Amino acid sequence: MDVRHPRRAIAAIAAAALATPLLLASAGPATAHPDPAHRAAKLAKKLVKRSSAENAHRHLERFQAIADSTGGHRAAGSLGYDASAAYVYKLLKKAGYEVAYDDFTFVYTETLAEKLSVVSPQARDIEVSAMTYTTSTPEGGITAPVAAAPVDEDGTSGCDAADYAGQTFTGKIALIKRGGCTFAQKQATAADAGAVGAVIYNNTDGSLAGTLGAADAGRIPTGGITQEAGEALAAEAAEGEVTVSYEIRALQEERTTRNVIAETRGGRADRTVMLGAHLDSVAKGPGINDNGSGSAGLLEVALQLAKSHAKPANKVRFAWWSAEELGLQGAEHYVADLTEAQRERIELYLNFDMIASPNYGLFVYDGDDSDAVGAGPGPEGSAQIERQITDFLDRRGTPHAGTDFTGRSDYGPFIEAGIPSGGTFTGAEGVKTERQAELFGGQAGVAYDPCYHEACDDLSNISMEAFDVNIDVIANAVGTYAHDLRSLTEPVESVPTDGDAGSGGGLHDGHTHERPTE
């Protein structure tokens, strides 16, 4: 790299890699070993020993340097993402993997303005976050009165037309509490009632960033604010007219991006083991925990697998997804493009998204729905995946809890395709409970990742302890499943944990991969 011109050098790397033609995955059968369990245990032990957070941190440093040289982020469709993908591609290719780019088009979006100010009766500014795929106000914004949708006891405020029947919303900014339905539904129903804008306030502590789920979903300019700010504004509006100045503007345009797919040259293609992490960040920051951590952890294990010179009995495929932050678009594109035969060859999918949150919990996806929270169980085999991970953690004496398959990350399309899924997660904007603080340490009443989707999600926003634990989980899973898949069909006892939906924080209600209600 020409250190005098880092941006130019990064652009050159990205351009060179982007020119590489898409490779077709090969399928070379491997000779079965008479004792797959022995080979699996041996490889798993070796990979756990050799894979480390210290090594993976070097990849985080590179992601940070890329973001610093490309406008502060690595969002899909940007130079920062292309350079990140090129970096991953180059290392995997050098390590001997068959590497392919998986291209697709998507609607790129970038916030241009997000301002909310009370004009009267008491002037003040309120921090607001534009929701992904929102429509835009005119430049300079709009000035209009606030009309607060009633807060329903069942937590579905602003979801139904009846919520807007008690007062006039025509020409006003609808103030709506989060919960009960997607952000897209809330703003659309407000638009039907005549509102010219929507402000959605959180139903828990912390800021509210979200998405309407699809580029054609936006009806009126929509942003999110904190619970405290929303309740104060609602109380003020109940006393008399409140006028606000509201500017939400965003760029939207079609762009091309790509997933990075790498697989072992050998191994049975009809027994493919797949693991993935999304490589893109949001446009507000470098995304070092979300999801540089999962991407770096996966890359570290993949490189260690190559260095081991192991010959897996099963094909091992790694994926780094693009445009996850815009609704799992990379993973959805990939799964949708698979033929039925190709889908049937994928025995399982493991997902690693945000594995180093600074105020972490050690959460394992609840494959059998033993915690009875939120979504139901994953496809058959998901319970066994959960047990494989928890057994590994139990042997090490590492505490863990379940977390719901909210559908918010890249396992979503695989579950929908009937592929057994699982993985780990250390929490996003959800707030750590007292019980979780006792179990994992850290601070109760504070978000697992206070810098979630913010500019401060940088190298200082990483727990090396959580990072190391989860890299070991990845390494153990790769070593095990590379040789032995028999555990996927073994019966397991359902063991409830103290897991809840809180580790997911309710999350981005509007993602297309999100369940329709919280």
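These lines cover the structure that appears in this document, whether it is placed above or below. Within any chain, residue numbers begin from 1 and follow the written order of that chain's sequence. Reporting of local features is limited, given that this is a predicted model, to residues whose pLDDT is at least 70; pairs of side-chain atoms are given and counted only at 80 or more, and all residues count toward the totals for whole chains, interfaces and linings. Hydrogens and water molecules were not included; the side-chain quantities draw on all heavy atoms of the structure.

1. Considerations on the overall build of the protein
Rules: Only DSSP runs of H or I covering at least 4 residues are called helices, and only runs of E covering at least 2 are called strands; the numbering of each starts at the N terminus. Note on classification: 1.4 Å probe, protein chains only; a residue is buried when its accessible area is under 20% of the maximum for its type, exposed when over 50%, partly exposed between these limits. Throughout, a residue-residue contact means that at least one pair of heavy atoms, one from each residue, lies within 4.5 Å. Only the protein chains shown count as covering a residue, and every accessible area follows the Shrake-Rupley method with a 1.4 Å probe.
Across its full length, the protein holds 13 helices and 14 strands. When each of the 518 residues of the protein is scored for burial, the buried share is 58%. If you take every contact in the protein between residues at least 6 apart in sequence, the share linking residues at least 24 apart comes to 82%. Of the accessible surface of the protein, which amounts to about 20,000 Å², a share of 50% is contributed by carbon and sulfur atoms.

2. Describing the pattern of salt bridges
Which entries qualify depends on this criterion: Each reported salt bridge corresponds to a side-chain nitrogen of Lys or Arg within 4 Å of a carboxyl oxygen of Asp or Glu.
The final tally for this structure, using the stated rule, is 13 salt bridges. Between Lys 284 and Glu 114 there is a salt bridge, with the nearest N and O atoms lying 3.5 Å from each other. Pair noted here: Lys 284 is in the loop between β9 (268-278) and α7 (288-307) and Glu 114 is in strand β1 (residues 98-120), with a separation of 170 residues, a long-range link. The exposure class assigned to Lys 284 is partly exposed, which follows from its relative accessible area of 34%.

3. Topic: the state of the cysteines
Threshold: Put simply, a disulfide is two cysteine sulfurs that come within 2.5 Å.
In this structure the tally under the stated criterion is two disulfides. In this model Cys 159 forms its disulfide with Cys 181; the gap between the sulfur atoms is 2.2 Å. Between Cys 159 and Cys 181 the sulfur-sulfur dihedral comes to about -95°; the bridge is accordingly left-handed. Taken as a pair, Cys 159 in the loop between β4 (142-148) and β5 (173-177) and Cys 181 in the loop between β5 and α5 (183-192) lie far apart in primary sequence, 22 residues in all. An identical accessibility class is assigned to Cys 159 and Cys 181; each is buried. Bridging Cys 451 to Cys 456, the disulfide has an S-S length of 2.1 Å. One quick way to see it: the torsion about the S-S bond of Cys 451 and Cys 456 is about -115°, and its sign makes the bridge left-handed. Residue Cys 451 is classed as buried on the basis of its relative accessible area of 13%.

4. With respect to unusual backbone geometry
Looking along the chain, the bond that leaves Ser 120 and enters Pro 121 is cis, with omega of 10°. By the secondary structure assignment, Pro 121 is in the loop between β1 and β2 (124-126). For the bond running from Asp 290 to Asn 291, omega is 0°, close enough to zero to count as cis. With respect to the element layout, Asn 291 can be found in helix α7. For Met 354, which is not glycine, the phi dihedral falls at a positive 60°. Relative to the elements of secondary structure, Met 354 occurs in the loop between β11 (346-352) and β12 (363-365). Classification of Met 354 by relative accessible area gives buried; the value is 1%.

5. As for the nonpolar core
The cut-off we apply is this: In plain words, nonpolar cores are sets of buried Ala, Val, Leu, Ile, Met, Phe, Trp, Tyr and Cys residues tied together by side-chain atoms within 4.5 Å.
Counting 66 residues, the largest nonpolar core has Leu 92, Leu 275, Phe 318, Trp 320 and Phe 467 as its most contacted members. Considering every element that reaches this core, the biggest residue donor is helix α13 (residues 464-483), with eleven residues. Once you skip the residues sitting within four places of it in the chain, Leu 275 turns out to touch Leu 298, Val 316, Arg 317, Phe 318, Ala 319, Tyr 349, Leu 350, Phe 352, Ile 474 and Val 478. Of all hydrophobic cores here, the second largest spans 24 residues; its members include Ala 147, Phe 169, Ala 195 and Ile 200.

6. A short note on the pairing of strand β6 (residues 197-201)
Keep this limit in mind: Only strands that DSSP links by at least two bridges are regarded as paired with each other. Seen with its strands pointing away from the viewer, a crossover is right-handed if its path from the first strand over the helix to the second goes clockwise.
Within β6, five of the five residues are buried, which leaves it mostly tucked inside the rest of the structure. Across five bridges, the pairing between β5 and β6 is parallel. By the bridge assignment for β6, Ile 173 is matched with Gly 197. Handedness of the crossover is the feature at issue here: the chain leaves β5, passes through α5, returns alongside β6, and the resulting connection is right-handed.

7. With respect to the side chain of Thr 272
Put simply, the test is: As used in this structure description, the phrase polar contact means that two N or O atoms lie within 3.5 Å; if the pair is within protein, one of them must be able to donate a hydrogen and the other to accept it, and residues adjacent in sequence are counted only when both atoms belong to side chains.
When you line up the elements, Thr 272 lands in strand β9. Only 2.7 Å separates the side chain of Thr 272 from the backbone oxygen of Ala 269, close enough to count as a polar contact.

8. Here we look at the side chain of Ser 308
Position of Ser 308 relative to the elements: it lies in the loop between α7 and β10 (314-321). At a separation of 2.6 Å, a polar atom in the side chain of Ser 308 contacts the main-chain carbonyl oxygen of Leu 305. If sequence neighbours within four positions are ignored, Ser 308 has contacts with Leu 43, Lys 46 and Arg 50.

9. Remarks on the packing of helix α3 (residues 53-69) against helix α4 (residues 79-95)
Heads up, the rule is: The angle between two axes is taken between their N-to-C directions and runs from 0 to 180 degrees, where each axis is a line fitted to C-alpha atoms and a helix contributes only its stretch in contact. Oblique is the label for any angle not covered by the other classes, which are roughly parallel (under 35 degrees), roughly antiparallel (over 145) and roughly perpendicular (65 to 115). Two helices crossing with the near one rotated counterclockwise from the far one by less than a right angle form a left-handed crossing, whereas a clockwise rotation gives a right-handed crossing. In this classification, Asp, Glu, Lys and Arg are treated as charged, Ala, Val, Leu, Ile, Met, Phe, Trp, Tyr, Cys and Pro as nonpolar, and every other residue, Gly included, as polar.
Following both chains from N to C, one finds α3 and α4 inclined at 150°, their axes separated by 9 Å at the closest point. Considered as vectors, α3 and α4 are oriented roughly antiparallel to each other. Judged by the twist between their axes, the crossing of α3 over α4 is right-handed. Of the residues in α4, those touching α3 at Arg 58, His 59, Arg 62, Phe 63 and Ile 66 are Gly 80, Ala 83, Ser 84, Tyr 87, Val 88 and Leu 91. Looking at the contact of α3 with α4 residue by residue, the class counts come to six nonpolar, three polar and two charged.

10. Examining the packing of aromatic side chains
How we decide: Here the aromatic set is Phe, Tyr and Trp, taking the six-membered ring for Trp, and pairing holds for ring centres within 6.5 Å; pairs whose planes are under 30 degrees apart are stacked, those over 60 apart are edge-to-face, and all others are tilted.
In total, this model carries 16 aromatic pairs according to the counting rule given. Geometrically, the ring pair formed by Tyr 89 and Tyr 101 is stacked, given 4.4 Å between the ring centres and 25° between the ring planes. Of this pair, Tyr 89 sits in helix α4 while Tyr 101 sits in strand β1, placing them twelve residues apart in sequence. Tyr 101 matches Tyr 89 in its accessibility class, with the two residues each being buried. Among the aromatic residues, ring-to-ring pairing joins Trp 321, Tyr 334, Tyr 349 and Phe 414 into one connected group.

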